[in-house]
Amino acid sequence: MARRILTLAFLLPGLLISSVSGLAAPRIAIIIDDLGYSRQQGQAIIDLPAPVACAVIPFSPHGRRLAERASLAGKEVLVHMPMATQGHQKLDRGGLQNGMDEPQLLEAVRQALGQIPQARGLNNHMGSALTEQPQTMGWLMAELKAHQLFFVDSRTSSHTVAQQVAQQVGLPNARRDVFLDNNRNPVSINQQFNRLIRLARQHGQAIAIGHPYPETVHYLQQVLPLMEEAGIDVVPVSSLLSTPAVTTATSQASVNIRTSSDSPISIERARPITTRP
């Protein structure tokens, strides 16, 4: 027990402070993106000892099987939908391109959902350009609502309107608060995880996004079993959704979009198209 406490103090300084009696424990959710190109990396995420969400890229070589395994293991599955970027990076097969009209976009979304039938929600893969477009986001959110899914805004642009549009159409939604591993150095990952915990303590909950890097997997393998001891609840991302009530007047109103830059933006990384083991 003493060794566990020392380990926890090293990984998460300051988190052994006892929770105030009667207050709910802070809640965190973790989404791991970019699953589907490596079977081994995907399985390592599925095997993590907590309800980590698995965001799977549709049409990826191992995506279907990993989504099945994740669902069977009790993990929530998301479609990690490729979307157009400001830098015009090449998208994975089936991605949402700039210039698509509504029928083209909806067909692409439906095909992606058909690839990952276990999905309970969707988040954006890249998308710094597309998530800034209110009309396009409106088409997407209406389709997700028709499928009774939820949306998590990965916030790859400081000018994203995606979550705001989801809120307006009445789609359950959330936003990423922290990226764990823009820098894969273990010290940086630890700093970002501590930031996640601080935000959860301040606001009651917080959501992180990471990737199936060996450094991230190893860190989470070590720290997730210690969260109960630290007074932190690790929960499915669906537990942290905002579910807006939408009236007819609201749903027919024009979108009044405000942008913000209160959350650090990720470096958009296009996944390689070639199959990896």
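Thresholds applied
Residues numbered from 1 in each chain as written. Predicted model: local features only at pLDDT ≥ 70, side-chain atom pairs only at ≥ 80, totals over all residues. Heavy atoms only, no water. Helix = DSSP H or I, 4+ residues; strand = E, 2+ residues; numbered from the N terminus. Buried < 20%, exposed > 50% of the residue type's maximum accessible area, 1.4 Å probe, protein only. Contact = heavy atoms within 4.5 Å. Areas by Shrake-Rupley, 256 points an atom, 1.4 Å probe, with all protein chains shown as cover. pLDDT = per-residue confidence, 0-100. Axes fitted to C-alpha atoms, helices over the stretch in contact; angles between N-to-C directions. Parallel < 35°, antiparallel > 145°, perpendicular 65-115°, else oblique. Left-handed = near helix turned anticlockwise from the far one by under 90°. Nonpolar A, V, L, I, M, F, W, Y, C, P; charged D, E, K, R; others polar. Salt bridge = Lys/Arg side-chain N within 4 Å of Asp/Glu carboxyl O. Expected span 1.5 Å × (residues − 1). Polar contact = N/O pair within 3.5 Å; in protein donor to acceptor, adjacent residues only side chain to side chain. Arc of directions from axis to C-beta. Phe/Tyr/Trp six-rings, centres within 6.5 Å; stacked < 30°, edge-to-face > 60°. Lys NZ or Arg CZ within 6 Å of the ring centre and 35° of its normal. Pairing = 2+ DSSP bridges. Right-handed = clockwise from strand over helix to strand, strands pointing away.

**Overview of the overall build of the protein chain**
Within the protein chain one finds nine helices and nine strands. Per-residue burial for the protein chain yields a buried fraction of 50% across its 277 residues. The contacts of the protein chain with a sequence gap of at least 6 include a subset with a gap of at least 24, amounting to 77%. A total accessible area of about 12,600 Å² is found for the protein chain, and carbon and sulfur atoms account for 51% of it.

**A closer look at the confidence of the model for the protein chain**
Here the protein chain shows a mean pLDDT of 87. Residues at 70 or above account for 81%. The model gives residues 16-21 a pLDDT under 50, and that stretch makes six contacts with residues more than four places away or in other chains. Taken together, the stretch residues 271-277 has pLDDT below 50 and engages in 22 contacts with residues farther than four places along the chain or on a different chain.

**Some remarks on the packing of helix α7 (residues 186-203) against helix α8 (residues 214-223)**
One can describe the packing of α7 onto α8 by two numbers: an axis separation of 10 Å at closest approach and a directional angle of 50 degrees. It follows from the interaxial angle that α7 and α8 lie oblique. In this structure, the crossing between α7 and α8 has a hand that is right-handed. Here Ile189, Asn190 and Phe193 of α7 come into contact with α8, specifically with Glu215, Thr216, Tyr219, Leu220 and Val223. Class assignment for the residues of the contact of α7 with α8 results in five nonpolar, two polar and one charged.

**Quick look at the pattern of salt bridges**
One pass over the full model with this rule turns up four salt bridges. A salt bridge links Glu68 to Arg65, with the shortest nitrogen-to-oxygen separation between them at 3.1 Å. Highlighted residues: Glu68 and Arg65, both in helix α3 (residues 63-72), separated by three residues, approximately one helical turn. With a closest N to O distance of 2.8 Å, Arg110 and Glu143 form a salt bridge. Taken together, the residues span a long stretch of sequence, with Arg110 in helix α4 (residues 102-115) and Glu143 in helix α5 (residues 134-146) at a distance of 33 residues.

**Quick look at α4**
The terminal C-alpha atoms of α4, which comprises 14 residues, lie 20 Å apart, in line with the 20 Å expected from a rise of 1.5 Å per residue. Along α4, the residues classified as buried are Leu105, Leu106, Ala108, Val109, Ala112, Leu113 and Gln115. Against the buried residues of α4 lie α3, β3 (77-83) and α5. Two or three places before Gln104, at the opening of α4, Asp101 has a side-chain oxygen 2.9 Å from that residue's backbone nitrogen.

**Description of unusual backbone geometry**
At Phe59, a residue that is not glycine, the phi angle is positive and equals roughly 70 degrees. We classify Phe59 as buried; its relative accessible area is 18%. The backbone of Arg155 sits at a positive phi, close to 55 degrees, despite the residue not being glycine. As for its position among the elements, Arg155 is in the loop between β5 (150-153) and α6 (162-169). In this structure Arg155 comes out as buried when scored by relative accessible area, which is 4%.

**Structural notes on helix α2 (residues 39-46)**
Turning to α2, its buried residues are Gly42, Ile45 and Ile46. Projected down its long axis, α2 shows its buried positions confined to an angular sector of 100 degrees, all on one face. Residues of α2 that are buried sit in contact with β1 (27-35), β2 (53-56), α3 and α8.

**Some details on the packing of aromatic side chains**
Centre distance and the angle of the planes are the two values used to describe a pair of aromatic rings. Taken as a whole and assessed by the stated rule, the structure comprises one aromatic pair. Aromatic side chains Phe193 and Tyr219 sit 5.6 Å apart centroid to centroid with 65 degrees between the ring planes, which places their arrangement in the edge-to-face category. Remark: Tyr219 occurs in helix α8 and Phe193 occurs in helix α7; sequence separation between them is 26 residues. Residue classification places Phe193 among the buried positions, given a relative accessible area of 0%. In this structure, Arg184 is placed above the aromatic ring of Tyr213, and the distance from its NZ or CZ to the ring centre is 4.1 Å.

**Here we look at the pairing of strand β8 (residues 205-210)**
When you tally the buried positions in β8, you get five out of six residues, the bulk of the element. Of the pairings in the sheet, the one linking β1 to β8 comprises six bridges and is parallel in character. Residue pairing for β8: Ile32 is matched across the bridge by Gly210. Taken together, the two bridges between strand β7 (residues 178-179) and β8 define a ladder with parallel strand orientation. Along β8, the bridge assignment pairs Val178 with Ala208. Viewed along the sheet, the connection from β7 through α7 into β8 turns out right-handed.

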